[in-house]
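Chain by chain, the residues run as shown.
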Amino acid sequence: MRKSFLTMLLLLVVAVASAKDIKTVVFTTQPQMHCANCENRVKGNLRFEKGVKEIETNVEQQKVTVKYDADKTTVEKLRKAFEKFGYTARELKAGETVVNKAHSCSEMKCE
C-alpha cells in the first residue's frame, strides 16, 4: 500500500513539473535577415535567453519563430533580447506578411 501511494505521488509530481506553459511568438526584424549568417546571428544570440526552447528563422518570409516557456520569459523580454545584438524586433500578427527588401549582407555588415 505504501509503495503504491509513493508511486502515485511521484507520478503526480512528475506530471505537474512537466506541465509547462510553452507558447510561440513570431517576430520580424529590422534590419532584415538576408543570408545564413544573419539567421545564425539571430539563432546564436537568442538561444541564450532564459526560457527559449526552439528558434526557427525564415529569410524569405522575414520571420523568426520562437517557442518559449511563458513561466520563464515574456514576449517583451524576447523582443528586447534582439536589441542586445543589433536588431529591432516586432511581433507579427496572425497572417501578416513582410516585404523582403533588396539589401545585401555587405550593406548590413553581417558577414
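Before reading on, note that the structure itself is shown above.
Residues numbered from 1 in each chain as written. Predicted model: local features only at pLDDT ≥ 70, side-chain atom pairs only at ≥ 80, totals over all residues. Heavy atoms only, no water.

Q: Can you explain the pattern of salt bridges? Please cite residues and give values.
A: In this structure the tally under the stated criterion is four salt bridges. Here Arg-79 ties to Glu-83 by a salt bridge, and the two come within 3.3 Å at their closest N and O atoms. On the criterion of helical spacing, the pair formed by Arg-79 and Glu-83 is a turn pair, its members being four residues apart in helix α3 (residues 75–83). The partly exposed category is assigned to Arg-79, whose relative accessible area is 22%. Glu-83 gets classed as partly exposed once you look at its relative accessible area, which sits at 45%. (Salt bridge = Lys/Arg side-chain N within 4 Å of Asp/Glu carboxyl O. Helix = DSSP H or I, 4+ residues; strand = E, 2+ residues; numbered from the N terminus. Buried < 20%, exposed > 50% of the residue type's maximum accessible area, 1.4 Å probe, protein only.)

Q: Lay out a positive patch on the surface in plain terms, naming residues and giving numbers.
A: Positive charge collects at one region of the surface, where Lys-20, Lys-50, Lys-53, Lys-72 and Lys-77 lie side by side. With respect to the helices and strands, Lys-72 occurs in the loop between β3 (63–69) and α3. A relative accessible area of 37% means that Lys-72 is categorised as partly exposed. (Patch = residues over 30% accessible without salt bridge, like charges linked within 9 Å, V, L, I, M, F, W, Y side chains within 5 Å. Areas by Shrake-Rupley, 256 points an atom, 1.4 Å probe, with all protein chains shown as cover. Lys, Arg positive; Asp, Glu negative; His and termini not counted. Charge placed at Lys NZ, Arg CZ, Asp CG, Glu CD.)

Q: Kindly report on helix α2 (residues 36–46), identifying the contributing residues and their values.
A: Turning to α2, its buried residues number three or more, namely Cys-38, Glu-39, Val-42 and Leu-46. Each buried residue of α2 lies within a common arc of 100° when the element is viewed along its axis, so the set occupies one face. (Arc of directions from axis to C-beta.)

Q: Give a detailed account of the sheet that holds strand β2 (residues 52–58), specifying residues and quantitative values.
A: Read from one edge of the open sheet, four strands run β2-β3-β1-β4, paired in antiparallel fashion. At either margin of the open sheet sits one strand with a lone partner, and together these are β2 and β4 (88–91). Strand after strand, the sheet turns through a mean of 30° between neighbouring axes, direction not considered. Packed on one face of the sheet, α3 meets β1 (22–30), β2, β3 and β4 and runs near 35° to β1. (Pairing = 2+ DSSP bridges. Axes fitted to C-alpha atoms, helices over the stretch in contact; angles between N-to-C directions. Contact = heavy atoms within 4.5 Å.)

Q: Kindly report on the packing of aromatic side chains, identifying the contributing residues and their values.
A: Scanning all chains against the criterion turns up three aromatic pairs. Considering the side-chain rings of Phe-85 and Tyr-87, the 5.7 Å spacing of their centres and the 55° angle between planes classify their relative orientation as tilted. A single burial state applies to Phe-85 and to Tyr-87, both of which are buried. An aromatic cluster of three or more residues is present, and its members are Phe-27, Phe-82, Phe-85 and Tyr-87. (Phe/Tyr/Trp six-rings, centres within 6.5 Å; stacked < 30°, edge-to-face > 60°.)

Scope: geometric values only; no functional claims are made or implied.
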